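# A structural walkthrough
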Amino acid sequence: MYIGKPIKRIEDLRLITGKGAYVDDIELPGTLFVAFVRSKYPHARIKVKKEEGIFTGEDINPGKDFPIATKETTYVGQPIAIVIAKDRYEAYDLIESVEVEYEELDYVLDPEKALEDKVKVHSGLSSNIYYHERWKGGDVEKAFKEADLTISDTLINQRVIASPLETRGALAYFDGNKLTFYSSTQSAHYLRRNLVDFLGFENIRVIQPDVGGAFGSKIIAHPEEYALAKLALILRKPLKWVPTRTEEFISAGHGRDKKLKFEVAVRKDGTILGIRGTLIANLGAPYPDANDDESGNVKSTVRMLPGIYKIIGADIDAYAVHTNITPTQSYRGAGRPEGIYFIERIVNIVADELGIDQYEIRLKNAIDTLPYTNIFGVTYDSGNVKKLLEIGKKYYDELKKEDGCVGVSSYIEITAFGPWEVARISVKYDGKITLVTGTGPHGQGDATAFAQIAADVLELPIEKIEVRWGDTEIIEDGIGTWGSRTVTIGGSAVLLASQKLKDKLIEIGAKILNADKEEVEYKEGNVTHKKNGNKVTFDEIVKNAFKMGESLDITAIYNVKQPPTTPYGVHLALVKVDETGKVFVKKYVAVDDVGTVINPLLAEGQAIGGIVQGMAQALLEGAFFDENGQLLTTNFQDYSIPTAVEIPEKIDWQYEILGKSPHPTGSKGIGEAGAIAATPTIINAVEQCIKKRITKMPVRFEELVS
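Residues numbered from 1 in each chain as written. Predicted model: local features only at pLDDT ≥ 70, side-chain atom pairs only at ≥ 80, totals over all residues. Heavy atoms only, no water.

The chain is annotated in an unreviewed UniProt entry as Carbon-monoxide dehydrogenase large subunit from Sulfurisphaera ohwakuensis.

Written as C-alpha cells, this is what we have:
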C-alpha cells in the first residue's frame with residue numbers, strides 16, 4: 001500500500017504555515033532568561049565575583065570544573081558563570097557587569113604538541129591523551145614486503161561546525177514536585193537519563209518540541225542544560241536559555257578535526273596491499289559527555305578506513321588528544337566520513353601516482369562478495385559492491401564526455417545502532433490511531449515513514465494515523481535519532497507494535513464472531529469469518545473492545561541483536577575550476593544501496609542534504625582559531641555554508657536494492673551517506689582539474705591557482 005512509495009511528508013503543513021513550536025516559541029508565565037558568562041582565554045584560573053543574581057560553578061557542581069568551570073577554564077567560550085534577567089536583552093547587559101579575575105595559564109592548541117604532554121590542557125589531567133589504541137589487522141608486514149611501491153603523505157579532515165538553523169536551547173520549570181525540561185535535543189529520553197544522573201532526582205519530564213536541525217550537535221547533554229536544570233530546582237521559576245549564533249559557534253557543535261599520516265603499499269598494476277599510519281584526533285577541551293562521544297567516533301574512523309577494498313593488512317596507531325579549544329562531538333556521519341575520506345583520497349593518490357584511471361582502480365580492488373569482514377573486524381552484511389560499481393560506471397563514462405573534471409568516490413558505512421528502540425500504538429474509541437516513537441526525529445520526515453509502516457501492517461489509510469514523539473511521559477523509553485538508525489531501528493519497533501495491534505484486532509474480531517482466530521481472516525481492518533462470510537469492521541472491533549474490557553494500547557520494544565548494517569554506494573561529480581580558482585559543481589550523481597527504501601522521496605531528500613553538506617566541507621566550511629585560541633569563524637559571514645548558488649545544478653540520486661538489512665524493515669539508513677561520500681568525491685574532482693595533490697580542506701581559491 002504505502003511502503004516504497006514517495007508519500008509527501010505529513011509533518012510539513014504545520015511547519016510551512018508557521019505553526020511550528022520551537023524552544024524559543026514556548027512561553028510560560030513569569031519566564032526568566034538565562035545567559036552564560038564565557039571564558040575569554042583558552043586556559044586560565046578564574047575567580048568570579050559573586051553578587052545577587054550571579055551564579056557560578058559552585059552553585060551547579062561544587063568543587064568541580066564540569067559541567068561549569070569553577071576554578072579553571074580550558075577553552076574560549078566555556079561557561080563560567082550564569083546571569084538571570086527578565087529578558088535576553090537585560091541578561092546580556094548583565095553579563096558585561098560580571099567581574100572575573102583571570103590568571104592566564106600555558107595552553108596548547110595543536111594536537112601533535114598536546115601529545116608531548118609538556119603543557120597540560122587542565123591541571124587535573126595526568127595526560128592530554130584521552131584515548132590511544134594500536135589497530136592491527138591482517139598481515140601488514142606481508143603487504144609492505146610484497147609492494148612494488150609505497151606512497152606517503154598526510155591528509156587533514158578539518159574541523160567543522162554543525163550550524164543547524166536553530167541553535168541549542170532549553171526551558172526548565174520546577175513546580176516543587178516535577179522538573180519539566182523542554183530542549184532542542186535529538187533524544188528526550190537520553191537527555192532525561194543524563195539529567196537524572198546529574199541531579200540525583202528522578203521526577204523529570206523532558207519534552208522535545210520542534211527542532212530546527214542538529215546534525216549530531218544535539219545528541220549529548222550540554223553544560224548549559226545541566227546548569228539550567230539545577231537552577232530551575234533552586235529557583236522554582238521558569239528559566240529559558242537560547243544562545244546567540246556566535247555563542248553557538250564558539251561553544252558547541254564542532255566535529256571532524258582528524259589527521260592521518262599514512263603510508264600505502266601498492267603493486268604497479270594498482271593492487272592496494274596495505275596501509276599503515278598514525279591517526280590524530282583533536283578532542284578539544286575536557287568535557288566527559290563530548291569526549292566519550294567523540295572517542296567512539298575515532299574508533300569508527302579506523303574501523304571504516306579499509307572502505308570497500310580487500311587490502312591484506314593495516315596498522316593504525318590512533319590517538320584522541322585534548323587541546324585548549326572547543327570540544328568536538330558527533331557531526332553527521334560521526335567518524336565514518338573521516339575514515340572513508342582518508343581511504344578514498346588514498347585510492348586516488350595511488351591512481352594518480354601509477355597513471356591508472358580512478359574508476360578502474362576501484363573496480364580492481366573492490367570486495368568481490370558480501371558478507372565480508374574487513375581487516376578491523378567490521379562485517380559488511382549484504383549487497384553486491386562490484387555490481388553497484390558496474391552500474392555506476394555508465395554514469396562515470398557519460399560524465400567524462402562532458403566539459404569538466406570528474407571525481408569519484410565509493411563508500412561503505414555502519415548504521416542502525418542499538419541497543420533497542422520503543423514504539424507504542426493505541427486506538428481511540430473513535431478509531432483514531434496514535435503512534436508514539438521513542439526516537440527523536442528533528443526534520444528528517446521519519447513520522448511519515450513510521451505512518452507508512454503502520455498503515456501497511458494494519459492495511460488502513462495513512463490518514464488515520466497520528467505520529468507523536470519527543471515526550472518522556474507518552475512512552476516508557478527510547479534511544480534517539482542519530483547514526484541513520486531511526487527508520488531502521490525505530491521503524492522496526494513500529495512494525496512490531498503494529499503487528500501486535502493487528503493480532504489484537506484479529507483476536508477481538510474473532511470473539512465478536514464467536515470464532516477461533518484460525519477461523520477468521522484480516523483484510524483492510526476488517527475481520528471476516530472464512531466459512532460463513534460474517535464480517536466485523538475495524539470501527540466495530542474498536543468500539544466492542546472497550547465494552548469487552550480489552551485494551552488497544554500496545555508497546556513493543558525492538559532489541560537490536562545484530563551488528564550494525566552496512567549501506568554502500570558510489571558517487572560522482574562533474575566539476576569545473578575557473579582561472580580565479582573558483583570551483584563550480586556542475587552535476588552530481590549518487591548510486592546507493594541502502595536496503596529497503598520505505599519512502600523514496602524522504603530518502604532522496606536525505607541524500608541530497610547530505611551531499612550538499614559533504615560538498616560544503618570540501619569547498620567552504622572550516623573552523624579556524626588564531627594563536628590565542630580565539631575562534632575566527634564566529635558567524636555566517638566568516639563561516640561559509642552553501643547557498644542555492646553553490647549547490648550543484650543537477651543532483652541525480654539513484655538507488656538499487658542489492659541487499660537488505662536483517663532488521664524487520666529491511667532498510668539500512670540513508671541519513672549520512674551523502675555527507676560521507678560527497679567530500680572525497682568533490683576533492684577528487686577538483687584534483688583532476690588542477691593536477692595537483694590536495695591534502696587539506698576546504699580548498700582555497702589561492703591554493704588552486706598558485
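## Topic: the packing of aromatic side chains
For clarity, the threshold we go by: Here a pair means two rings of Phe, Tyr or Trp (six-membered ring of Trp) with centres within 6.5 Å. Their orientation is stacked below 30 degrees between planes, edge-to-face above 60, and tilted elsewhere. Two conditions define a charge located above a ring, namely a distance within 6 Å from the ring centre to NZ of Lys or CZ of Arg, and an angle within 35 degrees of the ring normal.
In the structure shown here, the tally under the stated rule is 14 aromatic pairs. A network of ring pairs unites the aromatic residues F249, F636 and Y639 as a single cluster. The side chain of R276 reaches across the aromatic face of F144, ending 3.7 Å from its centre. In this arrangement the basic side chain of K543 is found over the ring face of Y429, its NZ or CZ atom lying 5.1 Å from the centre.

## Things to note about the packing of helix α6 (residues 188-199) against helix α7 (residues 223-235)
Here is the rule: Angles shown run from 0 to 180 degrees and are taken between the N-to-C directions of axes, each axis being a line fitted to C-alpha atoms and, for helices, limited to the stretch in contact. To qualify as a helix, a DSSP run of H or I must reach at least 4 residues; to qualify as a strand, a run of E must reach at least 2; elements of each kind are numbered from the N terminus. Here is the rule for angles: anything less than 35 degrees is roughly parallel, anything more than 145 is roughly antiparallel, 65 through 115 is roughly perpendicular, and the remaining ranges are oblique. For any helix crossing, the convention is left-handed if the near helix is rotated counterclockwise from the far helix by under a right angle, and right-handed if that rotation is clockwise. Any two residues whose heavy atoms approach within 4.5 Å are treated as being in contact. In this count, Pro and Cys sit with the nonpolar residues alongside Ala, Val, Leu, Ile, Met, Phe, Trp and Tyr, while Asp, Glu, Lys and Arg are called charged and the others, Gly among them, polar.
As a packed pair, α6 and α7 sit with axes 10 Å apart at the nearest point and diverge in direction by 60°. By the angle between their directions, the pair α6 and α7 is classed as oblique. Once α6 is placed against α7, the crossing between them reads as right-handed. For the pair α6 and α7, contact is made by L191, N194, L195, F198 and L199 and by E225, Y226, A229, K230 and L233, respectively. Taken together, the residues of the contact of α6 with α7 sort by class into seven nonpolar, one polar and two charged.

## Side note on the pattern of salt bridges
We apply this condition: Any Lys or Arg side-chain nitrogen found within 4 Å of a carboxyl oxygen on Asp or Glu counts as a salt bridge. The classification of residues rests on relative accessible area computed with a 1.4 Å probe and restricted to protein chains. Under 20% of the type maximum is buried, over 50% is exposed, and intermediate values are partly exposed.
The tally for this structure, following the rule as stated, stands at 52 salt bridges. Residues K240 and E27 are paired through a salt bridge, measuring 3.1 Å at the closest nitrogen-oxygen approach. Here the residue K240 occupies a position in strand β12 (residues 239-241), and E27 occupies one in the loop between α1 (12-16) and β1 (32-38), the gap between them amounting to 213 residues. Judged by its relative accessible area of 57%, E27 falls in the exposed class. We note a salt bridge from D471 to R205, for which the minimum N-O separation is 2.5 Å. Of this pair, D471 sits in the loop between β21 (465-469) and α14 (486-512) while R205 sits in strand β11 (residues 204-207), placing them 266 residues apart in sequence. The exposure class of R205 is partly exposed, given its relative accessible area of 24%. When salt bridges with common partners are traced through the structure, they connect R38, R168, E224, E247 and E248 into a single cluster.

## With respect to the state of the cysteines
Here, disulfide denotes a covalent bond that connects the sulfur atoms of two cysteines. We apply this condition: A pair of sulfur atoms, both from cysteines and within 2.5 Å, is called a disulfide here.
Taken as a whole, this structure holds one disulfide when the rule is applied. In this model C405 forms its disulfide with C689; the gap between the sulfur atoms is 2.1 Å. Of note, the bridge from C405 to C689 carries an S-S torsion of about 120° and is right-handed in sense. Of this pair, C405 sits in strand β18 (residues 405-412) while C689 sits in helix α17 (residues 673-690), and the two are 284 residues apart along the sequence. Residue C689 is classed as partly exposed on the basis of its relative accessible area of 21%.

## Some details on the layout of surface pockets
Test applied: Cavities and pockets were defined on a 1 Å grid built from protein atoms only: a cavity is a group of points that admits a 1.4 Å probe but offers it no way out, a pocket is an open group of points flanked by protein on both sides within 12 Å along at least five of seven lines, and a lining residue is one with an atom within 4 Å of any such point. Grid points are joined across faces, edges and corners, and a volume is the space filled by probe spheres set on the points.
By volume, the second largest pocket amounts to about 640 Å³. Going through the elements one at a time, α4 (111-114), β8 (149-161), β13 (254-266) and β14 (272-284) are the ones with two or more residues in the lining of the second largest pocket. By residue number, the principal contributor to the lining of the second largest pocket is β8, which donates four residues.

## What to know about a nonpolar patch on the surface
Put simply, the rule is: By definition, no residue in a patch forms a salt bridge, and every one has over 30% relative accessible area; like charges are joined within 9 Å, nonpolar side chains (Val, Leu, Ile, Met, Phe, Trp, Tyr) within 5 Å. Accessible surface is estimated by sampling points in the Shrake-Rupley manner with a 1.4 Å probe; for residues, cover comes only from the protein chains shown.
Taken together, the side chains of L13, L15 and I16 make up a nonpolar region of the molecular surface, amounting to roughly 320 Å² of accessible area. Summarising the element assignment, I16 is placed in helix α1. Look at I16 and you get exposed, because its relative accessible area is 69%.

## Quick word on empty space enclosed by the protein
Applicable threshold: Domain delimitation in this document rests on an assignment produced automatically or drawn from a domain database.
A complete count under the given rule lists five cavities of 30 Å³ or more for this structure. Size it by volume and the largest cavity reaches roughly 70 Å³. Around the largest cavity sit 13 residues that line it, and H222, P223, S251, Y287 and P327 are the ones nearest its centre. Its residues assigned to classes, the lining of the largest cavity shows seven nonpolar, four polar and two charged. Shared between two domains, the lining of the largest cavity holds at least three residues of each, these being domain 1 (11-105 + 165-213 + 218-251) and domain 2 (254-416 + 563-703).

## With respect to the UniProt feature "domain: Aldehyde oxidase/xanthine dehydrogenase a/b hammerhead" (unreviewed entry) in the chain
Our working definition: UniProt positions are given in the numbering used here, feature names are shortened, and annotations may be inferred rather than shown by experiment.
As recorded in UniProt, the sites labelled "domain: Aldehyde oxidase/xanthine dehydrogenase a/b hammerhead" (unreviewed entry) are residues 17-106. Regarding residues 17-106, the helix share stands at 16% and the strand share at 32%, and the terminal C-alpha atoms are separated by 52 Å.

## Overview of the pairing of strand β27 (residues 583-593)
As a reminder, the rule being used: What makes two strands pair is DSSP finding at least two bridges between them.
Of all 11 residues that make up β27, eight are buried, and the element is covered over most of its length. For strand β26 (residues 568-577) and β27, the ladder comprises 10 bridges, and the chain directions are antiparallel. When the bridges of β27 are listed, L572 appears paired with V589. In this antiparallel pair of consecutive strands, β26 and β27, the connection spans five residues, and G581 shows a positive phi of 95°. In this sheet, strand β28 (residues 650-655) lies alongside β27 in parallel orientation, the contact comprising six bridges. Bridge pairing links A590 to W653 in β28.

## Thoughts on the domain arrangement of the chain
Using the following cut-off: Two parts placed together each lose some accessible area; with a 1.4 Å probe, that loss summed over both constitutes the buried area. Two N or O atoms form a polar contact when they lie within 3.5 Å of each other; inside protein one atom must be a possible hydrogen donor and the other a possible acceptor, and for residues adjacent in sequence the pair counts only when both atoms belong to side chains.
Per the domain assignment, the segments of the chain are domain 1 (11-105 + 165-213 + 218-251), domain 2 (254-416 + 563-703) and domain 3 (420-559). Using C-alpha coordinates to define each centre, domain 1 is positioned 38 Å away from domain 3. In this complex, domain 1 contributes 17 residues to the contact, which on the side of domain 3 involves 20 residues. The largest per-residue losses of area from domain 1 upon contact with domain 3 belong to E11, Q186 and H189, which jointly make up 40% of the total buried on that side. At the boundary of domain 1 and domain 3, one finds 14 residue pairs in polar contact (both at pLDDT 80 or more). Elements represented by at least two residues in the side of domain 1 that touches domain 3 include exactly α6 and β11. Here the side of domain 1 that touches domain 3 gets five residues from one element, more than from any other, and that element is α6. Among the residues forming the side of domain 1 that touches domain 3, the class breakdown is seven nonpolar, five polar and five charged.

## Regarding the sheet that holds strand β6 (residues 100-104)
On the basis of which strands lie adjacent, the open sheet formed by three strands has the order β4-β2-β6 and antiparallel pairing. Each edge of the sheet is formed by a strand with only one pairing partner; in this case those strands are β4 (72-73) and β6. In this sheet, β4 lies alongside strand β2 (residues 44-48) in antiparallel orientation, the contact comprising two bridges. If you follow R45 over to β4, its bridge partner there is E72.

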